[in-house]
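Descriptive analysis of the structure
So the chains spell out like this:
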Amino acid sequence: MTVHLEVADGVGTIRLDRPPMNALDIATQDRLRELAEEITRRDDVRAVVVWGGEKVFAAGADIKEMQAMDHAAMVVRAKALQDSFTAVARIPKPVVAAVTGYALGGGCELALCADFRIAADNAKLGQPEILLGLIPGAGGTQRLARLVGPSKAKDLIFTGRHVKAEEALAIGLVDRVVPAAEVYEQAHAWAARLASGPALALRAAKESVDAGLETDIDTGLTVERNWFAGLFATEDREIGMRSFVEEGPGKAKFR
């Protein structure tokens, strides 16, 4: 397998494992979708880390595999490609990308599917598809623009240039830059902290933010209102409010 799932203490780690550069071939794409769907179903996985290992996150698609495909083949494949990444983006639990080394093309697009991105100080991110006479095809034109704004997204997509960790942090492409040796540790700590939180409220928060970005504010407020009211029927809400009243904020132990 080119992608593995390891679960410990409520945190599931999706580990890319296709040396030397974790090129995202069709088998890897399909495996990502399978694991995202499995994680969505599993109650023992409450938060997720996506990691490529110590040296590289993912340097992009398998270009040799793509070169052999003609227009008809890609018409068939393009939807499956997007669906694989969308499955990761729609995991209804907190997801953090632990980015070391290169995250280019499909690798950058995979990182964009996470809720939070922790990058190594040696990381380089980018969408170099234009240098192949193409555009990003796994969500890059859409998720990147929503994250950093259309102007910065067009800069990266039009030029195909790589962005070092410091610039990625400055433009909002990543959320934290740490020494390379600490990337996975800090990503896992972030995920573990949320894994102990109220699962349904976290799901509601993620869906409300993501759904709101795709629609007008009135519709977004309706999504928020429905989730907000619905959470009053949960045990987690009872635990959280009881703990606040009896012990003060931040001490609730959710099940």
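Given the structure is predicted, the values throughout are model-derived calculations rather than measurements.

Rules used in this analysis
- Residues numbered from 1 in each chain as written.
- Predicted model: local features only at pLDDT ≥ 70, side-chain atom pairs only at ≥ 80, totals over all residues.
- Heavy atoms only, no water.
- Salt bridge = Lys/Arg side-chain N within 4 Å of Asp/Glu carboxyl O.
- Helix = DSSP H or I, 4+ residues; strand = E, 2+ residues; numbered from the N terminus.
- Buried < 20%, exposed > 50% of the residue type's maximum accessible area, 1.4 Å probe, protein only.
- Core = buried A, V, L, I, M, F, W, Y, C linked by side-chain atoms within 4.5 Å.
- Contact = heavy atoms within 4.5 Å.
- Phe/Tyr/Trp six-rings, centres within 6.5 Å; stacked < 30°, edge-to-face > 60°.
- Lys NZ or Arg CZ within 6 Å of the ring centre and 35° of its normal.
- Pairing = 2+ DSSP bridges.
- Patch = residues over 30% accessible without salt bridge, like charges linked within 9 Å, V, L, I, M, F, W, Y side chains within 5 Å.
- Areas by Shrake-Rupley, 256 points an atom, 1.4 Å probe, with all protein chains shown as cover.
- Lys, Arg positive; Asp, Glu negative; His and termini not counted.
- Axes fitted to C-alpha atoms, helices over the stretch in contact; angles between N-to-C directions.
- Parallel < 35°, antiparallel > 145°, perpendicular 65-115°, else oblique.
- Nonpolar A, V, L, I, M, F, W, Y, C, P; charged D, E, K, R; others polar.

Re the pattern of salt bridges
Tallied over the full model, the rule gives 14 salt bridges. A salt bridge links R31 to E34, with the shortest nitrogen-to-oxygen separation between them at 3.4 Å. A residue pair is termed a helical-turn pair when its members lie 3 or 4 positions apart in one helix, as R31 and E34 do in helix α1 (residues 26-41) at three residues. Assessed through its relative accessible area of 19%, R31 is described here as buried. One salt bridge connects R33 with E37, and the closest N-O pair in it is separated by 3.9 Å.

Some thoughts on the nonpolar core
Among the nonpolar cores identified, the biggest contains 44 residues, and F57 and L173 are the most heavily contacted of them. For this core, the element with the highest residue contribution is helix α3 (residues 71-89), accounting for five residues. When residues no more than four places from it in sequence are discounted, the contact partners of L173 are L112, R117, L125, L144, L147, V148, L156 and A168. In terms of nonpolar packing, the next biggest core, distinct from the first, is built from 15 residues, V49, V96, I118 and A191 among them.

Here we look at the packing of aromatic side chains
Overall, the coordinates contain three aromatic pairs when judged by the stated rule. Between the aromatic rings of F228 and F232, the centroid separation amounts to 5.5 Å while the plane-to-plane angle is 75°, which identifies the pairing as edge-to-face. Of the residues examined, F228 reaches a relative accessible area of 54% and is grouped as exposed. A cation over a ring is seen here: R15 above W51, with NZ or CZ 5.0 Å from the ring centre.

Description of the sheet that holds strand β7 (residues 124-126)
On the basis of which strands lie adjacent, the open sheet formed by three strands has the order β5-β7-β8 and mixed pairing. Two strands lie at the open edges of the sheet, namely β5 (102-104) and β8 (163-164), each paired on one side alone. Strand direction decides the pairing type here: β5 and β7, joined by three bridges, are parallel. Residue pairing in the sheet places L104 in a bridge with G126 of β7.

Overview of a nonpolar patch on the surface
Judged by side-chain polarity, I63, L132 and L134 come together as a nonpolar surface patch covering roughly 260 Å² of accessible area. Examined against the element boundaries, I63 turns out to sit in helix α2 (residues 63-67).

Looking at the pairing of strand β1 (residues 3-8)
Bridge count for β1 against strand β2 (residues 11-16) is six bridges, and the pairing is antiparallel. By the bridge assignment, E6 is partnered in β2 with T13. Here β1 folds back onto β2 in antiparallel fashion, the turn holding two residues, of which D9 has a positive phi close to 55°.

A look at the side chain of D236
Among the structural elements, D236 can be located in helix α11 (residues 235-247). For the buried D236, no salt bridge is present, and the opposite-charge side chain at shortest range is R46, 5.5 Å distant. Here D236 is in contact with P198, A199, L200, F254 and R255, once residues within four sequence places are set aside.

Some details on the packing of helix α9 (residues 199-213) against helix α10 (residues 217-230)
Between α9 and α10, the least distance of the axes is 9 Å, while the angle of their chain directions is 170°. Viewed along their axes, α9 and α10 adopt a mutual orientation that is roughly antiparallel. Where α9 approaches α10, its residues L200, R203, A204, E207, S208, A211 and G212 are matched on the opposing element by G220, V223, E224 and W227. Tallied by class, the residues present in the contact of α9 with α10 amount to five nonpolar, three polar and three charged.

Focus on the sheet that holds β1
One key point about sheets: their strands pair by backbone hydrogen bonds, in either a parallel or an antiparallel sense. Spatially, β1-β2-β3-β4-β6-β9 is the arrangement adopted by the six strands of the open sheet, whose pairing is mixed. Bordering the open sheet on either side are β1 and β9 (176-178), each of which pairs with just one other strand. Averaged over neighbouring strand pairs, the angle between their axes works out to 20° when direction is ignored. As paired elements, strand β3 (residues 47-51) and strand β4 (residues 95-99) share four bridges and run parallel to each other. Bridge assignment links V48 to a residue of β4, and that residue is V95.

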